[in-house]
Amino acid sequence: MSVLDDIVAGVRIDLARREAARPLAEVRAALADVDPPRDPMPHFGGAGSSVIAEVKRRSPSKGDLAEIPDPAELAAAYARGGAAAISVLTEERRFGGSLADLVAVRTAVDVPLLRKDFIVAEYQLVEARAAGADLALLIVAALDQDRLRALHDTARELGLTVLVEVHDEPETERAVDLGAELIGVNARNLKTLAVDQTTFGRLAPLIPDDRVKVAESGINTPADVAGFVAQGASVMLVGEALVTGGDPETAVRNMTGVLG
């Protein structure tokens, strides 16, 4: 079993528990009380580099990264630094996140929020929107094409912007065929956790220029940002460097507006 398979198995167990406690119809009813979704795409398509700053406590590859007792405070620092969006990891077992983190961040900032999780079911998309998310992550490696398309369609119906994540050439082709407007290239292989810094440069040319390209993993400095921008990235998703650096506001500010 790969690392990704193991994570998804745990996600399904936790999902079943939440579904039993709160049926889908009840979660859908909560959508009536949520503000309309915020659209990140105009900012993502602008000049310079947009940063999606991540609230991330732990990772399978590095273990504990930061305690983050107050995710709302961290998110507010990201927003002051100019983050175009904020990613909140909600997976519990490997990343130490929760939907409560997403709700807390939503109360603190007005920028678009990404629910970053291993989404395999409609229920997760509905609960993401009900918690205030504006974007949702779909990982191509975790889904067959029919399920990927169904979840992509459901997310769009809910008003969510979808970040479709790829790791290799076949996955990139699937994302493009899907019609995904926002495609993230993750340098970390979720099946082995190995990082290949050449991944973005290899896959970016396969993504049409009318799609927004996001670089994920291995981004630590403004120089890294400039390198990815030069290869065609408009958006950088940054987590570890921001939560471990000691000054997240300044770190985000230094990574925005970097031109190739």
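One structure accompanies this document, and this report is about it. (Residues numbered from 1 in each chain as written. Predicted model: local features only at pLDDT ≥ 70, side-chain atom pairs only at ≥ 80, totals over all residues. Heavy atoms only, no water.)

Concerning the pattern of salt bridges
Phase 1: In the structure shown here, the tally under the stated rule is 21 salt bridges.
Phase 2: Between D210 and R211 there is a salt bridge whose closest N-O contact spans 3.3 Å.
Phase 3: Here the salt bridges share partners, and the residues they tie into one network are D14, R17, R18, E92, R93, R115, D117 and E127. (Salt bridge = Lys/Arg side-chain N within 4 Å of Asp/Glu carboxyl O.)

Observations concerning the sheet that holds strand β7 (residues 161-166)
Phase 1: Pairing within the closed barrel is parallel, and its eight strands lie in the order β1-β4-β5-β6-β7-β8-β9-β10. Taken over all neighbouring pairs, the strand axes of this sheet differ in orientation by 25° on average, direction set aside.
Phase 2: With four bridges connecting them, strand β1 (residues 50-55) and strand β10 (residues 235-238) associate as parallel partners. Across the sheet, residue V51 finds its bridge partner in β10, namely M236. (Pairing = 2+ DSSP bridges. Helix = DSSP H or I, 4+ residues; strand = E, 2+ residues; numbered from the N terminus. Axes fitted to C-alpha atoms, helices over the stretch in contact; angles between N-to-C directions.)

Let's talk about helix α4 (residues 71-80)
Phase 1: Among the 10 residues in α4, seven count as buried, and that is most of the element.
Phase 2: Residues of α4 that are buried make contact with β1, β4 (85-89), α5 (99-108), α11 (240-244) and α12 (248-255).
Phase 3: Sitting at the amino-terminal end of α4 is D70, which places a side-chain oxygen 3.2 Å from the backbone nitrogen of A72.
Phase 4: Following α4 by one or two positions, G82 adopts a phi angle in the positive range, close to 100°. (Buried < 20%, exposed > 50% of the residue type's maximum accessible area, 1.4 Å probe, protein only. Contact = heavy atoms within 4.5 Å. Polar contact = N/O pair within 3.5 Å; in protein donor to acceptor, adjacent residues only side chain to side chain.)

Let's talk about the packing of aromatic side chains
Phase 1: Applying the stated criterion across every chain, the model contains two aromatic pairs.
Phase 2: Summarising the aromatic geometry, the rings of F200 and F228 are spaced 5.7 Å apart at their centres and angled 80° between planes, so their arrangement reads as edge-to-face. Here the residue F200 occupies a position in helix α9 (residues 199-203), and F228 occupies one in helix α10 (residues 222-230), the gap between them amounting to 28 residues. (Phe/Tyr/Trp six-rings, centres within 6.5 Å; stacked < 30°, edge-to-face > 60°.)

Describing α12
Phase 1: For α12, the full list of buried residues reads P248, V252 and M255. The arc that holds the buried residues of α12, viewed along the axis, is 65°, so those residues lie on one side.
Phase 2: Buried positions along α12 lie against β1, α4, α10, β10 and α11. (Arc of directions from axis to C-beta.)

Re the pairing of strand β9 (residues 212-216)
Phase 1: Burial within β9 is extensive, with five of its five residues counted as buried.
Phase 2: Residues of β9 alternate between two faces, with V212, V214 and E216 on one and K213 and A215 on the opposite face, all of them buried.
Phase 3: Two elements, strand β8 (residues 182-186) and β9, share five bridges in a ladder whose sense is parallel. Residue pairing for β9: N186 is matched across the bridge by E216.
Phase 4: Across three bridges, β9 lies against β10 in parallel orientation. Bridge pairing in β10 places V214 opposite V235.
Phase 5: As for the winding sense of the linkage, the β-α-β connection from β9 through α10 to β10 is right-handed. (Right-handed = clockwise from strand over helix to strand, strands pointing away.)

Remarks on the side chain of T161
Phase 1: Tracing the backbone shows T161 in strand β7.
Phase 2: If sequence neighbours within four positions are ignored, T161 has contacts with D39, P40, M41, D134, L135, A136 and L182.

Some details on unusual backbone geometry
Phase 1: At L193, a residue that is not glycine, the phi angle is positive and equals roughly 75°.
Phase 2: If you trace the backbone, L193 turns up in the loop between β8 and α9.
Phase 3: For S217, which is not glycine, the phi torsion reads 80° and is therefore positive.
Phase 4: Relative to the elements of secondary structure, S217 occurs in the loop between β9 and α10.

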